[in-house]
Amino acid sequence: MSERDNRHVLVTGGCGFIGCNLADRLADRGDRVLVLDNLARAGVRENAQWLKSRHGDRITIAVADIRDPIPVIDAVREARAVLHLAAQVAVTDSVSDPAADFEINARGTLNVLEAVRLHNSAAPVIFASTNKVYGRLIEDSEIALRGRRYTPVSDLLSGGISESAPLDFYSPYGCSKGTADQYVHDYSRVFGLQTAVMRMSCIYGPRQFGTEDQGWIAHFLLSAIRGNPLTIYGDGKQVRDALHVSDAVNAWLAALDHIALARGRVFNLGGGPANAVSLLELIDRITELTGRTVTYRFADWRPGDQPWYVTDTQALTAALGWTPQVSLAEGLRSLHTWLDSRFGSQDRSEALA
Ligand SMILES: NC(=O)c1ccc[n+]([C@@H]2O[C@H](COP(=O)([O-])OP(=O)(O)OC[C@H]3O[C@@H](n4cnc5c(N)ncnc54)[C@H](O)[C@@H]3O)[C@@H](O)[C@H]2O)c1
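Along each chain, numbering runs from 1 in the same order as the chain's sequence is written. Per-residue local features are limited, in this predicted model, to residues with pLDDT of at least 70; the limit for side-chain atom pairs, both in listing and counting, is 80 or more; totals at the level of whole chains, interfaces and linings are taken over all residues. Excluded from the side-chain calculations are hydrogens and water; all other atoms, namely the structure's heavy atoms, are used.

**Q** Describe the site of the ligand, with residues and values.
**A** Around the ligand, the surrounding shell holds 30 residues, and the nearest of these are Phe17, Asp37, Leu85, Tyr173 and Lys177. Ile18 is positioned such that a nitrogen or oxygen atom in its backbone is 2.9 Å from an oxygen atom of the ligand. Only the protein chains shown count as cover for residues, and the accessible areas themselves come from Shrake-Rupley with a 1.4 Å probe. For the ligand, whose free accessible area comes to 830 Å², the fraction covered by protein is 95%. Only Asp, Glu, Lys and Arg are considered charged, only Ala, Val, Leu, Ile, Met, Phe, Trp, Tyr, Cys and Pro nonpolar, and every remaining residue, Gly among them, polar. Its residues placed into classes, the shell around the ligand shows 18 nonpolar, 7 polar and 5 charged. Near is defined per residue: the residue qualifies when any heavy atom it owns lies within 4 Å of the molecule or strand. Distance and chemistry together define a polar contact, namely a pair of N or O atoms within 3.5 Å, with one atom able to donate a hydrogen and the other to accept it when in protein, and with adjacent residues in sequence counting only for side-chain atoms on both sides.

**Q** Just give me the short version of the packing of aromatic side chains, but keep the residues and values in it.
**A** Only centres within 6.5 Å qualify two rings of Phe, Tyr or Trp (six-membered ring in Trp) as a pair; their planes then separate them into stacked at under 30 degrees, edge-to-face at over 60, and tilted for everything else. Summed over all chains, the structure comprises 8 aromatic pairs. Aromatic side chains Trp338 and Phe343 sit 6.2 Å apart centroid to centroid with 85° between the ring planes, which places their arrangement in the edge-to-face category. The exposure classification of Trp338 matches that of Phe343, with both residues buried. Grouping aromatic residues by their ring pairs yields a cluster made of Tyr183, Tyr187 and Phe191. We call a charge positioned above a ring when the Lys NZ or Arg CZ atom is no farther than 6 Å from the ring centre and deviates by at most 35 degrees from the ring normal. Cation over ring: Arg342 sits above Phe343, and NZ or CZ is 4.3 Å from the ring centre. For the exposure calls, accessible area comes from a 1.4 Å probe over protein chains only, and a residue counts as buried if that area is under 20% of its type's maximum, exposed if over 50%, partly exposed in between.

**Q** Residues and numbers for the pattern of salt bridges, please.
**A** Each reported salt bridge corresponds to a side-chain nitrogen of Lys or Arg within 4 Å of a carboxyl oxygen of Asp or Glu. As enumerated under the stated definition, the model contains 16 salt bridges in all. Between Asp24 and Arg54 there is a salt bridge; the shortest N-O distance is 2.7 Å. Here Asp24 is found in helix α1 (residues 17–28), whereas its partner Arg54 is found in helix α2 (residues 44–55), with 30 residues between them in sequence. As a salt-bridge pair, Arg29 and Asp31 come within 2.7 Å of each other at their nearest N and O atoms. What makes Arg29 partly exposed here is its relative accessible area of 35%. Exposure remark for Asp31: the relative accessible area of 4% places this residue in the buried category. When salt bridges that share partners are traced, they join Arg29, Asp31, Arg80 and Asp257 into one network. Elements are defined by DSSP. Helices are runs of H or I of four residues or more, strands are runs of E of two residues or more, and each kind is numbered from the N terminus.

**Q** So what about the pairing of strand β11 (residues 239–244)? Which residues, and what values?
**A** Counted residue by residue, β11 has 6 buried out of 6 residues, so it is predominantly covered. What you see with β11 is no split at all: Val239, Asp241 and Leu243 on one side and Arg240, Ala242 and His244 on the other are buried throughout. One bridge is not enough; two strands pair if DSSP finds at least two bridges between them. For strand β9 (residues 202–204) and β11, the ladder comprises 3 bridges, and the chain directions are parallel. For Ile203, the partnering residue across the bridge sits in β11 and is Leu243.

**Q** Run through the sheet that holds strand β3 (residues 59–63), naming residues and quoting values.
**A** Strand order in the open sheet formed by 7 strands is β3-β2-β1-β4-β5-β8-β12, and the pairing between neighbours is parallel. Looking along the sheet, the strands with just one partner apiece sit at the ends: β3 and β12 (265–269). Each adjacent strand pair in this sheet contributes to an overall mean axis angle of 20°, direction not counted. As judged from the 5 bridges shared by strand β2 (residues 33–37) and β3, these two strands associate in the parallel manner. Each residue of the ladder has a partner; that of Leu36, found in β3, is Ala62. Across the face of the sheet, α2 comes into contact with β2 and β3 while running at roughly 155° to β3. To obtain an axis, a line is fitted to C-alpha atoms, over the contacting stretch when the element is a helix, and the angle between two such axes runs from 0 to 180 degrees between their N-to-C directions. Note on definitions: a residue-residue contact is assigned when non-hydrogen atoms from the two residues lie within 4.5 Å.

Written as structure tokens, this is what we have:
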């Protein structure tokens, strides 16, 4: 019987929303985890404390920046595998500071890849890419309005967007993540690294500190809990497929555990047609769930915003047997429970003060 590989799994961005859920699940099943995170995202220090309180020494947290190659090499050198999620995540911030966005997302990813290539080339690398690499995807003439959501005119898109859709990076964030996506993919072809790319749609769930700039489902729900008005960029009829973070973690672990099947591949990862929802429809669901009326105003569309994006998950299902398990209704309840326990009582006491 082969001995268990006891080296750590490196999770960059492991204090962030998806990263900490991944690190938590890895540690739960007995893996040692090294998290590398510079704690740039507001709120994620709390995720670091949560991980430590749950797992103690099984999880080590290195506060470091992926733009600095030295700590990246140190973290990669002894790793069993590398899950790379650290990133500048907001399209808005990428527009206000494209150079910083490039340095973190493109250069930072190259630092991770070079560390693996030069110091630990057998380690699998899985990368958190985005549906933004496909750009706007669909012309206004190709979508129709059905109720409170857009829908593609062509039935050919009813199953969602597959990995064969042409790349069309849009926004500095789309460009920097797309660059990283292509580097990660290419390092499997040119250097034989065991890499896989996950092009994720909208992921939501507990431990997401969503803001207006990123993490819109958590932001909408928290605004409802707090009674804060929302700004909707665009007309609110744009559609996304939502995936609960526990399902996203399942997909990442399936790719990690079956890297021989996933290596060299690019997968679209999202909730699929069954979990597609428009912004306005989500507000209706939130009103039903929380019993609170959500007030909102409209503002201009943001750069690169897709009027309709739904993931075709068939490639992931065929390769790894993965399918989403958590419905949008169930997932929203789980996020609501977490947000209410984390922020609800604080807000109630502030309101009473
Ligand atoms: N949440 C989504 O819906 C979604 C969709 C598509 C892709 N993604 C990608 O998934 C990954 C994780 O997203 P998330 O929602 O968990 O975001 P997040 O902001 O919660 O997590 C990102 C983490 O990276 C850390 N970080 C930022 N800059 C860093 C740097 N220079 N060095 C080290 N750490 C740094 C932050 O502190 C944070 O903890 C990102 O790469 C993002 O682009 C997320």
